Amino acid sequence: MKVFVVSDMEGVSGVVKWAQVKGGDPMYEEARRLYTEEINAAVRGAAAAGATEIVVMDCHGAGGGWNFNSLVPELLDPACEFVVQERWTEYTQLLESGCDAALFVGMHAKAGTPDGVLSHTVSGQAWRELRFNGVAVGETGINAALCGQWGCPVLLVTGDEAVCREARDLLGPGLTTVPVKTGLGRYSARQLPALRAREVIEQGARRALKDPKAVPPYDPGRPCEIEIEFLVPDALVEYRNRRGVEERDAMTLVSRADDWWTAWSQFFF
């Protein structure tokens, strides 16, 4: 059984401030260890469930040389291998070769979620709303669509209560969710201690992988329209001349194609 562990940093227990997720900040060093150990918990759960190949992909943009490179390699469980990618969503090799399940660790809620800890979508300074065929999604939806493009189901999501709710609404009741904190606002939360958080993540991963068919692969629909609403007009300029992209108004772009991956690639890359 091949398992893809897709991770982000804002949903980790103990992480509630931007300084903890920005590379180079003193608080970041502690947070990246908390992050790595929650991933290890999912890896242990996957191995216990019978996974024969486990690949971890860090999806956290921490800035500079830390972009998608926040894991602490010497702390990673030896049962896995890990990917450092140059750009988010560019690594698809495991999915293309056939992957049985994805586990999402440390996810955060989409932009505008009142009880979402460090909630944002892609860029908190630029993106206001993202929709796939009219359905508002966050980064969990992007990662799920990436996996779903190659028929890989998402079976587990961990993070705060808000992202767990968001993920169930999008992916269905068969999804296993493990909340490790409850947002009290964007920068505050009631949280599980790190050791307890790792314990429940390991249990959740093992439980989720018992039934790989509990959640169907996520497909936003075909054909697919991706709509991005920006916070300010100048944030749109970077994307306006890309192939297949239409400028709906001064704050909104639309990308259309026969499938999600084509619509996303022509806009994002």
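Residues numbered from 1 in each chain as written. Predicted model: local features only at pLDDT ≥ 70, side-chain atom pairs only at ≥ 80, totals over all residues. Heavy atoms only, no water.

## As for unusual backbone geometry
Most peptide bonds are trans, and most residues other than glycine sit at a negative phi. Following arginine 222, the chain continues into proline 223 via a peptide bond in cis, with omega recorded as -5°. Its identity is not glycine, yet phenylalanine 68 carries a phi of approximately 55°, on the positive side. Topologically, phenylalanine 68 is positioned in the loop between β2 (53–58) and β3 (81–83). You can call phenylalanine 68 buried: its relative accessible area is 11%. One non-glycine residue, valine 122, lies in the positive phi region at around 60°. Taking relative accessible area as the criterion, valine 122 reaches 25% and is therefore assigned partly exposed. (Helix = DSSP H or I, 4+ residues; strand = E, 2+ residues; numbered from the N terminus. Buried < 20%, exposed > 50% of the residue type's maximum accessible area, 1.4 Å probe, protein only.)

## Examining the pattern of salt bridges
Overall, the coordinates contain 16 salt bridges when judged by the stated rule. Between aspartate 219 and arginine 222 there is a salt bridge, and its shortest N-O distance comes to 2.9 Å. A relative accessible area of 38% means that aspartate 219 is categorised as partly exposed. Under the relative-accessibility criterion, arginine 222 is labelled exposed at 51%. Two residues, arginine 248 and glutamate 225, come together in a salt bridge whose shortest N-O distance is 3.7 Å. Of the two residues, arginine 248 is situated in strand β11 (residues 245–249) and glutamate 225 in strand β10 (residues 224–230); the sequence distance between them amounts to 23 residues. Of the residues examined, glutamate 225 reaches a relative accessible area of 21% and is grouped as partly exposed. Here the residues in one salt-bridge network are Arg128, Glu129, Arg131, Glu225, Glu227, Glu229, Glu246, Arg248 and Arg256, joined through shared partners. (Salt bridge = Lys/Arg side-chain N within 4 Å of Asp/Glu carboxyl O.)

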